[in-house]
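# Per-entry structural report
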Amino acid sequence: MRRIETSLPGACLIEPTIFSDDRGFFFESYHEAKYVELGIPDRFVQDNHARSERGTLRGLHYQLRRPQSKLCRVIQGEVLDVVVDIRRGSPQFGRYESTILSAENKRQLFVPAGFAHGYLVLSDTAEFLYKCSDFYFPEWDRGIAWDDPEVGIRWDISNPTLSAKDRGHPKLSEVLPSDLPVLE
């Protein structure tokens, strides 16, 4: 298992060690002690599983007051996974990192607390799994616009399938400072 750094400090890719033979493959999708060795000491308390159709964009979400770090992976299909640094005071504020997660590459994306997160389904369908370091609290649920030109994410889609909630998120520059996490 190895950690691959991104341009956003704290956000990283995890490439598992895969054991393959004529029966198929095996890998540890999570091993707490090994993740701690890789610099990810977060304890995960909730697992989520979403299935979506091609062109579905979920995000960009974050949770205020009870921030969640996330460990994301795809078990069927392919997505463009995106993380945005929205921590007030961060030198990388407003910058994003994107990567392809797929059942084939078996990579994982670690999203630190205080970052916004979203993904776009690139295959006919995709099953997306993610661990969260805190429970979901709807009263602290927040988001930023997926198509914010100031953030400039290259989704390569003009009309994704969005939830009503995701359609209504503000641009990052329109979010009140009190509704953004702070760099610690």
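As a starting point, this report considers the structure included with it. (Residues numbered from 1 in each chain as written. Predicted model: local features only at pLDDT ≥ 70, side-chain atom pairs only at ≥ 80, totals over all residues. Heavy atoms only, no water.)

### As for the sheet that holds strand S11 (residues 115–121)
Taken in spatial order, the five strands of this open sheet run S9-S8-S11-S6-S13, and their pairing is antiparallel. Either end of the sheet is taken by a strand with one partner, and the two such strands are strand S9 (96–102) and strand S13 (141–143). Averaged over neighbouring strand pairs, the angle between their axes works out to 30° when direction is ignored. In the sheet, strand S6 (residues 57–63) pairs with S13 via three bridges, with the strands oriented antiparallel. (Pairing = 2+ DSSP bridges. Helix = DSSP H or I, 4+ residues; strand = E, 2+ residues; numbered from the N terminus. Axes fitted to C-alpha atoms, helices over the stretch in contact; angles between N-to-C directions.)

### Considering the packing of aromatic side chains
Scanning the model with the defined rule gives five aromatic pairs in all. Ring geometry for Tyr30 against Tyr35: centres 4.9 Å apart, planes inclined by 35°, an arrangement best described as tilted. Classification of Tyr30 by relative accessible area gives partly exposed; the value is 25%. An angle of 10° between the planes, with centres 3.8 Å apart, marks the rings of Tyr119 and Phe128 as stacked. The class for Tyr119 is buried, based on a relative accessible area of 4%. Overall, the relative accessible area of 0% leaves Phe128 in the buried class. Taken together, the aromatic side chains of Tyr30, Tyr35 and Phe44 make up a single cluster linked through ring pairs. Directly above the ring of Phe25 sits Lys106, whose terminal nitrogen or CZ lies 4.2 Å from the centroid. Over the ring of Tyr30 we find Lys131, and its NZ or CZ is 5.2 Å from the ring centre. (Phe/Tyr/Trp six-rings, centres within 6.5 Å; stacked < 30°, edge-to-face > 60°. Buried < 20%, exposed > 50% of the residue type's maximum accessible area, 1.4 Å probe, protein only. Lys NZ or Arg CZ within 6 Å of the ring centre and 35° of its normal.)

### Here we look at the pairing of strand S8 (residues 78–85)
Of all the eight residues making up S8, seven are buried; the element is thus mostly covered by neighbouring parts of the structure. Pairing between S8 and S9: seven bridges, direction antiparallel. Note that in S9 the partner of Val84 across the bridge is Tyr96. By the bridge criterion, seven bridges tie S8 to S11 in an arrangement that is antiparallel. Bridging across to S11, Val83 finds its partner in His117.

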